[in-house]
Amino acid sequence: RDDQKGVLIHGMGNLGKSSLAARVAARLPDHRTAVVFGEYHALAVFNAVARVIDEIADGMPLAEAKPLKEEIATLSADVTGNEDNLEDALRRLLRGVLNTNPVLLILDDLEQALETPSADQPEVLPKAAYAPALQAVLNAFQAATASRLLLTSRYDFTLTDGSGKDLTFGLERVPLAPMRARERQKQWRARARAEDKEST
């Protein structure tokens, strides 16, 4: 809710990173949610955002919705033709329709787009196939916008541009640690109570 544009929730498996992301989304009722999962290339990111904008357009008068949908079609063609166009497309949307109708863009389970950590490579880097899209997203969210970015990953990571600047520097890191046995029991009891209420 502050001026932080992006947050990275990271920690090992089964710690509730995706659940926490869902809770964050629920607590930002003024933001529509766009989720990217499994595929993190430029078009997958753009399509997730475009689906949200389609919902926004459907709630607009026809005179406003038509040019917006035409803009999305044009930008989609641009990104399809060249993934390097993703950053400009996102910046345009984040300064425009997604500033007045903000989105929470969630890149979930991002470790699938990262290299596996190893002893001889201390820094975790994106896989080459996904690095351009991640760079575009991180750069685009530097724009002045009401929209926000949320990443979940097993690993923290770094991504540098051609000048050596770390594009993840501005992310707020939220590390999740394994729960103690007593905390796990409390969570299990709470879940059991919730499931029991849902079944009645």
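Anything mentioned here points back to the structure above.
Residues numbered from 1 in each chain as written. Predicted model: local features only at pLDDT ≥ 70, side-chain atom pairs only at ≥ 80, totals over all residues. Heavy atoms only, no water.

K.L.:
Where do I start with the pattern of salt bridges in this structure?
P.N.:
Close approach of charged atoms allows side chains of opposite charge to pair. Under the definition given, this model contains five salt bridges. Among the ionic pairs, arginine 92 bridges to glutamate 71, the shortest N-O distance being 2.7 Å. One end of the pair, arginine 92, is in helix 4 (residues 86-95); the other, glutamate 71, is in helix 3 (residues 62-81), with 21 residues separating them in the sequence. (Salt bridge = Lys/Arg side-chain N within 4 Å of Asp/Glu carboxyl O. Helix = DSSP H or I, 4+ residues; strand = E, 2+ residues; numbered from the N terminus.)

K.L.:
Help me understand the packing of aromatic side chains, please; the structure alone is not making it clear to me.
P.N.:
Aromatic rings considered in pairs are described by the distance between their centres and by the relative angle of their planes. Scanning the model with the defined rule gives one aromatic pair in all. Each ring, one from tyrosine 40 and one from tyrosine 130, has its centre 5.9 Å from the other, and the planes form 90°; the classification is edge-to-face. Placement of tyrosine 40 in the loop between strand 2 (32-37) and helix 2 (42-58) and of tyrosine 130 in the loop between strand 3 (103-108) and helix 6 (131-140) is noted, with a sequence separation of 90 residues between them. Each member of the pair, tyrosine 40 as well as tyrosine 130, is classed as buried. (Phe/Tyr/Trp six-rings, centres within 6.5 Å; stacked < 30°, edge-to-face > 60°. Buried < 20%, exposed > 50% of the residue type's maximum accessible area, 1.4 Å probe, protein only.)

K.L.:
Is there a simple way to think about the side chain of threonine 168 in this case?
P.N.:
Examined against the element boundaries, threonine 168 turns out to sit in the loop between strand 4 (148-153) and strand 5 (172-175). Threonine 168 sits in the buried class, given a relative accessible area of 0%. There is a polar contact of 3.4 Å between the side chain of threonine 168 and the backbone oxygen of phenylalanine 157. For threonine 168, the contacting residues outside a window of four places in its chain are Leu138, Phe157, Thr158, Leu159 and Arg173. (Polar contact = N/O pair within 3.5 Å; in protein donor to acceptor, adjacent residues only side chain to side chain. Contact = heavy atoms within 4.5 Å.)

K.L.:
Looking at this structure, how should I read the environment of arginine 173?
P.N.:
Checked against the element boundaries, arginine 173 lands in strand 5. For arginine 173 and histidine 10, which are 163 residues apart along the polypeptide, the C-alpha to C-alpha distance reads 7.5 Å. For arginine 173, the residues in contact, after removing those within four places along its chain, are Leu8, His10, Asp156, Phe157 and Thr168.

K.L.:
How should I be thinking about unusual backbone geometry in this particular structure?
P.N.:
Backbone phi values are negative for most residues with the exception of glycine, while trans is the configuration of most peptide bonds. In this structure, aspartate 109 is a non-glycine residue whose phi angle is positive, near 55°. For aspartate 109, the location among the structural elements is in the loop between strand 3 and helix 6.

K.L.:
Just checking my understanding: could you explain the sheet that holds strand 5 for this structure?
P.N.:
Pairing between the strands of a sheet is mediated by backbone hydrogen bonds and can be parallel or antiparallel. Strands sit in the order 2-3-4-1-5 across an open sheet of five strands; the sheet is parallel. Edge positions in the sheet fall to strand 2 and strand 5, since each of these pairs with one other strand and no more. Going from strand to strand, the sheet's axes swing by 20° on average, the running direction of each strand aside. Lying on the sheet, helix 1 (residues 17-26) is in contact with strand 1 (6-10), strand 2, strand 3 and strand 4; it crosses strand 4 at an angle near 165°. (Pairing = 2+ DSSP bridges. Axes fitted to C-alpha atoms, helices over the stretch in contact; angles between N-to-C directions.)

K.L.:
Sorry, what's going on with the pairing of strand 4 here?
P.N.:
On a regular strand, each side chain points to the face opposite its neighbour's, so the side chains alternate between the two faces of the sheet. Burial analysis of strand 4 places six of its six residues in the buried class, which makes it a mostly covered element. A two-sided burial pattern is seen for strand 4, the buried positions comprising Arg148, Leu150 and Thr152 on one face and Leu149, Leu151 and Ser153 on the other. When strand 1 meets strand 4, the two strands line up parallel, connected through five bridges. Each residue of the ladder has a partner; that of histidine 10, found in strand 4, is serine 153. Where strand 3 meets strand 4, four bridges bridge the pair, whose relative direction is parallel. Within strand 4, the residue paired with leucine 107 across the bridge is leucine 151.

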